[in-house]
Amino acid sequence: MMADGYIIGDGSWNLRVYVTDLQVERSLRVKGDLHIGGVMLRLVEDLDIAMDWSDHALWWPAKNAWLTRTRSTIDQYGVQADALLHFTPMHKTLRVQLPDLRYLDCRVDFSVKTFNAVINLCKELGIRHPEEVSFCKPLEPNHLKYNLKDYPNKKREVNGTNGKLIAADTNTFIANQSPAGSTGSLDKSQPFMCAPVTPRHYTSTPISSPMSTTGTWKRNNNSELNGSYSPALNGNVTTLEMLNGSLDSSLAHSPTPNQESRATLLRPKTLVEKARMNVGWLDSSLSIMEQGVREFDTLRLRFKFLCFYDLNPKTDAVRINQIYEQAKWMLLNEELDCTEEEALMFAALQVQVNLQAGLPQPSLDNSSLVSAADDEIDAALTDLQVSLEGSRISGTNDITQVPELYDYLRFLKPKRFTLKAFKRYWFTCRDLHLRLYKSREECGAGAAPTLDINLRGCEVTPEVNLSQNKYSIKLEVASPEGMSEMYIRCESESQYAKWMAACRLAAKGRTLADASYETEVANIQALLRMQHPAQAPAINPASLDITPDDYVAPRIAKKLKGKLVQRILEAHANVKDLALLEAKMNYIKAWQSLPDFGISLFVVKIMGHKKEELLGVAFNRLMRMDINTGDHIKTWTYNTMKAWNVNWEVKHMMVQFEEGNIIFACHSADCKVIHEFIGGYIFLSMRSKEANQSLNQDLFHKLTGGWV
């Protein structure tokens, strides 16, 4: 007997394929040695419908995998007679929320690795350096209440009718399915497309949403009955085509989001809740589809690695605006703490941005804005000048003398159960070392210092209160007992700026001879000047309608109730002459100067310790922190790290340093998220200075993928 050209009993069998576009199922007679491309060709011939099938591929719902290696056979993929495959488009409509809270409907390739999908999307949006950006799922208030391991219904469920596994959710990885960290979906990448779409039943994709038997997220019953999508999104959605071809200019200026969009943002109240905010990041090495995201679902596009490279006002209007918006909402939602003076400065800059948004702007060619490339040229010239003339920090032009900073400052090293005041010492800073002497004469006599502090790798935190004229620098220095706290008290702003700049550079392993020292001093002084309130506002308070919640965090608004607008406008007088991009750049620089900027937190359990702790991941270091106070217990820099590995069976991570190893389990997110943060920051640190450098995607996946 014959069936579809095959002899019964020759090892052939029926393969069921569901065509999602037509909502029909076909049964094909196949053998195990038939390659995937042949299956699709046979299916298209069987359908006999004249349409473009080039963007379609096979998706295996039960295994949560794309079968995109078209030359691989059915046997090689492990497809058997009980399998049901989907023949579905690789490019699907994804609702993307940008950092400024607006929504865009985009056509995104669901079959390539998430990192590659982000690259394509950023190219379409005009955002340079997409390696700093990633997708994350929208969080719900419940996600701040539980760690990932304790989150209700987080495990995959089995459907009772056909036994199919629900698709893997964010931070749920299937190691034994894809030893390469993905389904090899880069073998058949397709061009990115953006197009207007017909709205359907839109919904968000929470971290642990249940799924229906069709593989889509279950909708609210009321939403299905009235034919509407999530009310939080109404009136705030745009397709790329609706931007009328002026995408760059449109995304460089953000509309005011409606209250429904703002309501989707969460406000963490504790350090633990801030750590749980990192549960939503997608795995860059897996496709969007593999992580439980379906067509018309919502993802957030956010700057994940807060280490911005070549931020150039001449070419980065969109990127600068979106970074500014992300910074603004982080501060307003108290994801990042700041002082009262800093909060008013941020509010003042925001007022200036809003005032300048509708005005014609000066040409960037004549603007006072300086690009990163210009900064590098100036730095090189300064470096050359220093090498030829010698630094004048120490008050001499002798080229044989190593640059040195010295002055009388006050010092305090807190001790338990004792209250000690600041004590005056003669300080010198030279060759990454801070040395303390009882007097200037003692230093000049060649006596041994009272204290010698190696600043390389230490934590440097500003402790400034302008209203009380307090200018302190907090140092956390590695010691055998952990991180040792020390405080330096300066007498004036100018003195503080010089010593803070010296400490910051020394912590990075850079001496006073570094070309960026003077720039760092100037930036610190400019930041302090912006925080000083003017005697009178530059504009009439009655002429502006300022809603406090739009400009400052609730904590500050409550504290300054009744005089907040006056205080904001007094601070605004310092920035009233800034152009639009200047105001945004100043906002970003001030954001980057905050003590806790760029530190991503995770709740971890370190092997050998009884209690949970916090792990902070920054662009150059890891920090073990107290879970209640955030105090730094131990700091490890990446330049002392030898390797980082994950035991995927028990989800334990080991980081090897020159001084020893640390092994921990992550409770607030999957350990893959920490692994990717570390690898991502190391990747970013390897970017070259060349303007024509290409993005090394293979190296990114090698450092972040976690697969050998």
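Just above sits the structure.
Because the structure is a prediction, the values reported are computed rather than measured. Per-chain numbering applies: the sequence of each chain, read as written, is numbered from 1 onward. Totals for whole chains, interfaces and linings use all residues, but because this is a predicted model, local features are given only for residues with pLDDT of at least 70 and pairs of side-chain atoms are given and counted only at 80 or more. By convention in this description, side-chain values take in all heavy atoms of the structure and omit both hydrogens and water.

To continue, consider the environment of Glu132. The secondary structure listing takes helices from DSSP runs of H or I that are at least 4 residues long and strands from runs of E that are at least 2 residues long, numbered from the N terminus. By secondary structure assignment, the location of Glu132 is in the loop between helix 3 (114-125) and strand 10 (133-136). Through-space distance from the C-alpha of Glu132 to that of Phe303 is 5.7 Å; in sequence the pair is 171 residues apart. Contact criterion: two residues are considered in contact whenever any of their non-hydrogen atoms come within 4.5 Å of each other. Not counting chain neighbours up to four residues away, the residues in contact with Glu132 comprise Arg302, Phe303, Lys304, Phe305, Cys307, Phe308, Tyr309, Arg319, Leu684 and Arg687.

Before going further, it helps to spend a moment on the sheet that holds strand 20 (residues 600-606). What holds strands together in a sheet is hydrogen bonding between their backbones, with the strands either parallel or antiparallel. When DSSP finds at least two bridges between two strands, those strands are taken to pair. As summarised here, the arrangement of the seven strands in space is 23-22-21-20-26-25-24, forming an open sheet in which the pairing is antiparallel. Among the strands making up the open sheet, the edge pair consists of strand 23 (632-637) and strand 24 (641-647). If you compare each strand with its neighbour and ignore which way they point, the axes differ by 30° on average. The pairing of strand 24 with strand 25 (residues 652-657) spans six bridges and is classified as antiparallel. In this analysis, axes come from line fits to C-alpha atoms, helices being fitted only over the stretch in contact, and the angle between any two N-to-C directions falls in the range 0 to 180 degrees.

What follows is about the pairing of strand 20. In terms of residue burial, strand 20 counts as a mostly covered element, since six of its seven residues are buried. One ladder, built from five bridges, connects strand 20 with strand 21 (residues 613-617); its direction is antiparallel. The partner of Ser600 across the bridge, within strand 21, is Val617. Between strand 20 and strand 21, which follow one another and run antiparallel, lie six residues, and Gly608 among them has a positive phi close to 95°. Relative to strand 26 (residues 660-666), strand 20 runs antiparallel, the two sharing three bridges. Each bridged residue has a counterpart across the sheet, and for Ile606 the counterpart in strand 26 is Phe664. For each residue, the accessible area found with a 1.4 Å probe, counting protein chains only, is set against the maximum for its type, and the residue is called buried under 20%, exposed over 50%, and partly exposed in between.

The rule for a salt bridge is simple: a side-chain nitrogen of Lys or Arg has to be within 4 Å of a carboxyl oxygen of Asp or Glu. Applying the stated criterion across every chain yields a total of 30 salt bridges. For Lys672, the salt bridge goes to Asp283, with nearest N and O atoms at 2.9 Å. One end of the pair, Lys672, is in helix 17 (residues 671-685); the other, Asp283, is in the loop between helix 7 (271-276) and strand 12 (298-303), and 389 residues separate them in sequence. With relative accessibility at 1%, the residue Lys672 sits in the buried group. Notably, a salt bridge pairs Arg319 with Asp316, separated by 3.0 Å at the nearest N-O pair. As far as the burial class goes, Arg319 and Asp316 line up, both buried. Through salt bridges with shared partners, one network takes in Arg128, Glu131, Glu132, Asp310, Asp316, Arg319 and Arg687.

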